[in-house]
Amino acid sequence: MKKTMLKNPMGLAFVLASSNVFAGGFALNEQSISGMGSGFAGRSSSAEDASTIYGNPAGMARLKREQVSVGAATLFAKSDISRTRSTFGGNEDGDMVPTTTVPMGYYVKPIDDHWAFGVGFYVPFGLITDYGSGFAGRYYANKSEVTTLTFQPTISYAFNEKVSIGFGPTINRISGEISGMVPNPLSPGRNDGKLKSTGDDTALGFNAGVLVQATDRTRLGLTYHSKVSYHLDAKTKVTDGIFSVLGVSGRSYDASLDVDTPESVDFSVTHQFNNDWTLYLGSTWTRWSRFKELAIENSGLPPLLSGQLGTISEEQNWHDTWAHAIGAAYQLNNQWVLRAGFSVDQSPANNTNRGPRIPTGDRKVLSFGAGWMPMENVTIDLAYSYLWEESVEVNDTSASRGAYSARYKNSASGLGTSVSYRF
């Protein structure tokens, strides 16, 4: 049964940093534009450019020339919210996700016939949502902005022409700001209080992979992305509404939250039929079941608030997910390669605990891309993806915050470009 305790906005915001726009939940898949064009189907086995640092660090051994790759993907998300019911009324606010741009950059340098070194910078998790203060479900979700930035120094070793391995520690920085509305029990639906929380942390993880050239035309790749455990030291500021009545408006209090972003395992196959056609297959398992419950500790609160806001918890009960993808590339000529892909991805949320901050369902993604070589040492990659989700229901009820229910149907488009230069 869903708990009806007050949901702390900051705690919910930081779990969003571990959830996906183009991967399950609301994490980010956009770490490679060449991979984006084929639906990330061959992410751990293609090793086509320096972005293999993320896709499979073992793939650096296949890159025989020093190279750098930089790019960005811009995401356009939309939610169709209907059948809204709210105790205190308000707007549906379907356009709650602003346009977001995700950067990436990689550098790889072969050292000899066996060793290669590389560094990568990318955004594995992140989200911005803004319903506005007049949203019908404002007591359950309001505004969240969270970003996780990762820096990954990486090495790879080729045992021979068929087998290579790779490893890279990840230095991960998470930061977030969130605001939320708190109902005034003396005047429900009017003169709401506000919470604004900010926090950050730096934590370590790692990525590891193996790449096998099984036949002259077939490669197999396996990549493990570790979990990352964060302990966020934060500040929560309270203003207006009930906080003014209690005489604490404008004050800030210490807060802390522990969050684990989940580990994942990616397996893919790249098969080259001939000089023109290449097929990609891939599956990814993600351990979202780590999210059973969120708990946040607020300290230093006055007695009137400590009982309600001191320790706040919310059930999540997410489950592990699988994503599957198929893609293809066609070598049109010496300068152009065309790509396409299709993927299906499970949502980790369940129907009982799904809330308006993470109103996601199972999804499908259709992708197209192209690579252009205007000169021998330069490649420009372009990609477009369109995502659509099944309709899902959100139903929240609380004695203090009233009831909110709605149907969500989410979709998103992504447009990416990158430039790779080989020395």
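The structure displayed is predicted, hence computed values, not measured ones.

J.: Any chance you could explain the nonpolar core here in plain terms?
T.: Soluble globular proteins: nonpolar side chains tend toward being buried together. Within the largest apolar cluster, 19 residues are counted, with the highest numbers of intra-cluster contacts made by Ile81, Met96, Tyr131, Phe135, Tyr404, Ala406 and Tyr408. If you list the elements that add at least two residues to this core, you get β1 (67–86), β18 (392–398) and β19 (402–422). Take this core: its biggest share by element is four residues, from β19. Within the second largest apolar cluster, 16 residues are counted, among which are Val146, Val259, Ile296 and Trp318.

J.: So what exactly am I meant to see when it comes to unusual backbone geometry here?
T.: Glycine aside, a negative phi is what most residues show, and trans is what most peptide bonds show. Although it is not a glycine, phenylalanine 40 sits at a positive phi angle of roughly 60°. Structurally, the position occupied by phenylalanine 40 is in the loop between α2 (33–37) and α3 (52–55). Judged by its relative accessible area of 10%, phenylalanine 40 is buried. The phi dihedral of alanine 47 is positive, around 50°, even though this residue is not glycine. Of note, alanine 47 is situated in the loop between α2 and α3. A residue is classified by how much of its surface remains accessible, and alanine 47, at 10% relative accessible area, is buried.

J.: Got a minute to help me understand the environment of isoleucine 33 in this structure?
T.: Relative to the assigned elements, isoleucine 33 resides in helix α2. With a relative accessible area of 2%, isoleucine 33 lands in the buried category. In the structure, isoleucine 33 is positioned 384 residues away from threonine 417 in sequence and 6.0 Å away in space, judged by C-alpha atoms. Discounting residues that sit within four places of it in the chain, isoleucine 33 has contacts with Ala72, Ala73, Met104, Asp381, Leu382, Ala383, Gly416, Thr417 and Ser418.

J.: Help me understand the pattern of salt bridges in this model?
T.: Pairing of side chains with opposite charge becomes possible as their charged atoms draw close. Inspection of the entire model under this criterion finds 14 salt bridges. Note that aspartate 254 is salt-bridged to lysine 235, the shortest N-O span being 2.4 Å. Highlighted residues: aspartate 254 in strand β9 (residues 251–261) and lysine 235 in strand β8 (residues 228–239), separated in sequence by 19 residues. For aspartate 254, a relative accessible area of 39% corresponds to the partly exposed category. For lysine 235, a relative accessible area of 43% translates into the label partly exposed. For arginine 363, the salt bridge goes to glutamate 389, with nearest N and O atoms at 2.1 Å. A residue pair is termed long-range when its members are at least 10 positions apart, and arginine 363 in strand β16 (residues 363–375) and glutamate 389 in strand β17 (residues 378–389) qualify at 26 residues. For the pair shown, arginine 363 and glutamate 389 are each scored as buried.

The rules behind these values
- Residues numbered from 1 in each chain as written.
- Predicted model: local features only at pLDDT ≥ 70, side-chain atom pairs only at ≥ 80, totals over all residues.
- Heavy atoms only, no water.
- Core = buried A, V, L, I, M, F, W, Y, C linked by side-chain atoms within 4.5 Å.
- Buried < 20%, exposed > 50% of the residue type's maximum accessible area, 1.4 Å probe, protein only.
- Helix = DSSP H or I, 4+ residues; strand = E, 2+ residues; numbered from the N terminus.
- Contact = heavy atoms within 4.5 Å.
- Salt bridge = Lys/Arg side-chain N within 4 Å of Asp/Glu carboxyl O.

It is worth stressing that arrangement in space is one thing and function is another; only the former is reported here.
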